[in-house]
Amino acid sequence: MLRSLLLGGLLIMETQKMISSRKAIREYSGQITDYQLHEILTAANASPVAMGQYDNYRLTVIQDPATLAKMSGVYDAPTVIVVSTNNAGAPEEVSAGAIVHNMELAAEDQGLGANYNMGGLSSIPADVIPSGFTPVFGLTVGQTTEKFAPREVPMDRIKTNFVK
Ligand SMILES: Cc1cc2nc3c(=O)[nH]c(=O)nc-3n(C[C@H](O)[C@H](O)[C@H](O)COP(=O)(O)O)c2cc1C
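Residues numbered from 1 in each chain as written. Predicted model: local features only at pLDDT ≥ 70, side-chain atom pairs only at ≥ 80, totals over all residues. Heavy atoms only, no water.

In the annotation of an unreviewed UniProt entry, the chain is listed under the name Nitroreductase and assigned to Lentilactobacillus kisonensis DSM 19906 = JCM 15041.

So, in structure tokens, the structure goes:
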């Protein structure tokens, strides 16, 4: 019992530390490994989506240099992971946000640099996206020389009102 409480406390500490250490990284120093990619995709598949309708989404992992060269607004990232939906609406866009956020945390938890991306969506060559699906959100990711440490997060960064 004591052991599981202790482990629980440590897990919460690690999760909070990770969340306050994450940051947008826009410079990449190399390609990620297949194992790192696997960890990121595992996090994507663990994401919540509206109504549990996972088949409304597709992930496209772009690492082909010729395809990446056709894209803009992706900071020369060696890997871009795109979330597409066949049913674009608010629930699907919010769900895509949850998927990308899970992937971003999984990337930076491994010491990789990552960032959310909407700016590059319109430049994705249409033939790499599954037929009937539209890109809604993306993640740029690669190796980084940046270090991650908890950042001071101002508590009024997002204004909050309390009803209690
Ligand atoms: C929905 C969404 C779209 C974003 N699109 C881009 C983008 O296209 N390009 C970019 O450089 N950053 C993009 N960002 C990253 C934000 O600019 C960044 O998260 C914000 O400035 C806060 O910085 P931080 O992530 O280091 O805390 C996006 C973030 C979100 C949540």
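Undergrad: Just give me the short version of the sheet that holds strand β1 (residues 57–62), but keep the residues and values in it.
TA: If you walk across this open sheet you meet the four strands as β1-β2-β4-β3, and the pairing is antiparallel. Lying at the two open borders of the sheet, with one neighbouring strand each, are β1 and β3 (113–117). Pairwise comparison of adjacent strand axes, ignoring direction, gives a mean angle of 20 degrees for this sheet. Pairing analysis gives seven bridges linking strand β2 (residues 79–85) to strand β4 (residues 134–142), with the strands arranged antiparallel. Bridge pairing in β4 links Val82 to Gly138. Across the sheet, helix α2 (residues 34–45) is in contact with β1, β2 and β4; its angle to β1 comes to roughly 165 degrees. The strands touched by helix α4 (residues 90–109) are β1, β2, β3 and β4; relative to β4, the strand with the most contacts, the crossing angle is about 10 degrees. (Pairing = 2+ DSSP bridges. Helix = DSSP H or I, 4+ residues; strand = E, 2+ residues; numbered from the N terminus. Axes fitted to C-alpha atoms, helices over the stretch in contact; angles between N-to-C directions. Contact = heavy atoms within 4.5 Å.)

Undergrad: Please provide a residue-by-residue account of the packing of aromatic side chains, values included.
TA: Scanning the entire structure with this criterion turns up one aromatic pair. Taking 6.2 Å as the distance between ring centres and 20 degrees as the angle between the ring planes, the aromatic pair formed by Tyr116 and Phe137 counts as stacked. Residue Tyr116 is located in strand β3, and its partner Phe137 is located in strand β4; the two are separated by 21 residues in the primary sequence. Taking the relative accessible area as the measure of exposure, Phe137 reaches 13% and is therefore buried. One Lys or Arg, Lys23, reaches over the ring of Phe148 and ends 5.5 Å from the middle of that ring. The positively charged end of Arg26 is found above the aromatic ring belonging to Tyr75, 6.0 Å away from the centroid. (Phe/Tyr/Trp six-rings, centres within 6.5 Å; stacked < 30°, edge-to-face > 60°. Buried < 20%, exposed > 50% of the residue type's maximum accessible area, 1.4 Å probe, protein only. Lys NZ or Arg CZ within 6 Å of the ring centre and 35° of its normal.)

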